[in-house]
Each structure stands twice: as C-alpha cells, then as structure tokens.
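Each chain, written out:
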Amino acid sequence: MKKINIAIDGFSSSGKSTIAKSLAKKIGYIYIDSGAMYRAVSLFAIRNGWMTDSDIDEKALALHISDIHISFKTNAQGQQDTYLNGENVEKEIRSLEVANGASRVSTIGFVRRELVRQQQAIGKEKGVVMDGRDIGTVVFPDAELKIYVNASPEVRAQRRFDELTAKGENVTCAEVLANVKERDERDTTRAESPLRKAADAFELDNSNMNMDEQLQWALDRFHKVAAK
Ligand code: DC
C-alpha cells in the first residue's frame, strides 16, 4: 500500500481533529494539528503584548516570526502536545482567548506563509494526516485524500461548550455559539486562504454520526485511495 497525505479541513469544533487523530492512529500515520500552530503564534503574540482586543502589532510579529518554533510530542497518555520554543503550551493554547487570537493572526499573510512552509516540510515524506482550514486547498493541494468535515453551528457550539466546561472554563452556551459563528464568518470570508471545500474533497457531515461511523467512513476512503 502506498504512503499518502491526508488533508482534513472543516469549521472549528466540526470534530475534524477527532477523526484525524483516530484515523492517523489506526493507519500508523503522523497526525498534525495545524490549528495548534496558529494558536501557538497567537499565544506568542499575546505573551509579548502584541495583541489587544482591537489591534495586533503586525510589525513586531513580522520581526519575530522566525523566533517561533513549534513542535509536537506524544505524551505519556499517547496524546500529542504542542510545544512553543521548547515549552509545552498544550493547555494554554486551548483557551477561548488564544482561540480568538488564532483566528485573528490566521488572517495575516506572512503568518500563513511561514506556517504553510513548515507544514509542507512536515508532509514531504508523506504518511501525514493534517487537519485545518486550508490543507486540501493550499498546504497539500495534491493530497491523495481530502476530507471536508461539516456539522451545524449548534452541534459544534454544544461540542465546544462541553469541552470548555470540562476544562473548568466559565462560559455560557450562548457565548460559545456566538463565538463559533464569529469564527466561521472570519474563517470563510478572510482574504488569505479562506476555508472552503476543495473541489476534489469528500464531504462528511457528522452532525448525526458517532465516532466509529466516522472512522469507518474515512477508512473506506483511505483504503480505496491508498490501494490504487
Ligand atoms: O482548528 P482550530 O480551532 O484549533 O484553529 C484555530 C484557528 O486557526 C482558527 O480560527 C482557524 C485558524 N486556522 C487556519 O486559519 N488555518 C489552518 N490550517 C488551521 C487553523
């Protein structure tokens, strides 16, 4: 069976990373969460005081973009943690504040170019499952398998609400739904690499599917493509 790259795109909280992770584990591929890379850049900008509610100091960020080194390591529980310049920032990058910042820094062209360069380098040898917004359209336009994951905003907001409250964040369901819609709007309307389904992507609406069904759906497509 040949080694391929698998691009999985979709809205926030569509469940794309859950599918991407379990698919990668099942087939022995490397999983890369490209959203975590935008979150790490967001955290870096917040920590340096370059991002306020209304403004981003793009000049400072541009000057220091090459000081941002992002890597991934599997922890003792078998889950992947994100490292920013050698520091484990996995927990910190999952907050709502960092997520909002990530959505904002991801609209900046030089940030995207740098992260896309790093993502393409990771995929050079194939055998990668990468999830994000522009993986099938920009990062790996030649990916042998592309999946576009979708679910209604209400279903996605409920999932994100459950995740955040489980982590002890103090949010309301309405706040999370408003945030999901705001990020959808920004992700699909930004000038730089907006989220869209690649013409050759398979669409998976998982609003009413459990994890096993989704994994089986993805595995069926993987086996067809990789066996060719
Ligand atoms: O998937 P996520 O919620 O962790 O992504 C965080 C933000 O980064 C989100 O607002 C969209 C952006 N993003 C992007 O623009 N391109 C990617 N390939 C991945 C994420």
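Structure's up top.
Residues numbered from 1 in each chain as written. Predicted model: local features only at pLDDT ≥ 70, side-chain atom pairs only at ≥ 80, totals over all residues. Heavy atoms only, no water.

J.: Would you mind showing me how to read the packing of helix 2 (residues 34–47) against helix 4 (residues 96–105) here?
T.: Running from N to C, helix 2 and helix 4 cross one another at 105°; their axes reach a closest spacing of 8 Å. The orientation of helix 2 relative to helix 4 falls into the category roughly perpendicular. Side by side, helix 2 and helix 4 meet where Tyr-38, Arg-39, Val-41, Ser-42, Leu-43 and Ile-46 of the first sit next to Glu-97, Val-98, Ala-99, Gly-101, Ala-102 and Val-105 of the second. Split into classes, the residues belonging to the contact of helix 2 with helix 4 amount to 8 nonpolar, 2 polar and 2 charged. (Axes fitted to C-alpha atoms, helices over the stretch in contact; angles between N-to-C directions. Helix = DSSP H or I, 4+ residues; strand = E, 2+ residues; numbered from the N terminus. Parallel < 35°, antiparallel > 145°, perpendicular 65-115°, else oblique. Contact = heavy atoms within 4.5 Å. Nonpolar A, V, L, I, M, F, W, Y, C, P; charged D, E, K, R; others polar.)

J.: Hey, could you run me through helix 2 in this one?
T.: An α-helix turns once per 3.6 residues; consequently, residues spaced three or four apart project the same way. Under the 1.5 Å per step criterion, the end-to-end length of helix 2 is 20 Å for 14 residues, consistent within 8% with the ideal 20 Å. In terms of burial, helix 2 is largely enclosed, as 11 of its 14 residues are buried. Within helix 2, burial applies to Ser-34, Ala-36, Met-37, Tyr-38, Arg-39, Ala-40, Val-41, Ser-42, Leu-43, Phe-44 and Ala-45. Backbone nitrogen of Gly-35 and a side-chain oxygen of the N-cap are separated by 3.1 Å at the start of helix 2; the cap is Asp-33. Phi turns positive, to about 75°, at Gly-49, one or two residues after helix 2. (Expected span 1.5 Å × (residues − 1). Buried < 20%, exposed > 50% of the residue type's maximum accessible area, 1.4 Å probe, protein only. Polar contact = N/O pair within 3.5 Å; in protein donor to acceptor, adjacent residues only side chain to side chain.)

J.: Can you walk me through the site of the ligand in this structure?
T.: Residues in close proximity to the ligand total 16 residues, the closest being Arg-39, Arg-112, Asp-134, Arg-183 and Arg-190. Within the contact set of the ligand, a nitrogen atom lies 2.9 Å away from a side-chain nitrogen or oxygen of Ser-34. Protein burial of the ligand: of its 450 Å² of free accessible surface, 96% is covered by the chains. Breaking the shell around the ligand down by element, the ones donating at least two residues are helix 2, helix 4 and helix 8 (173–189). When residues of the shell around the ligand are assigned to their parent elements, the largest contribution, 4 residues, is made by helix 2. Across the shell around the ligand, the residue classes break down as 3 nonpolar, 5 polar and 8 charged. (Near = heavy atom within 4 Å. Areas by Shrake-Rupley, 256 points an atom, 1.4 Å probe, with all protein chains shown as cover.)

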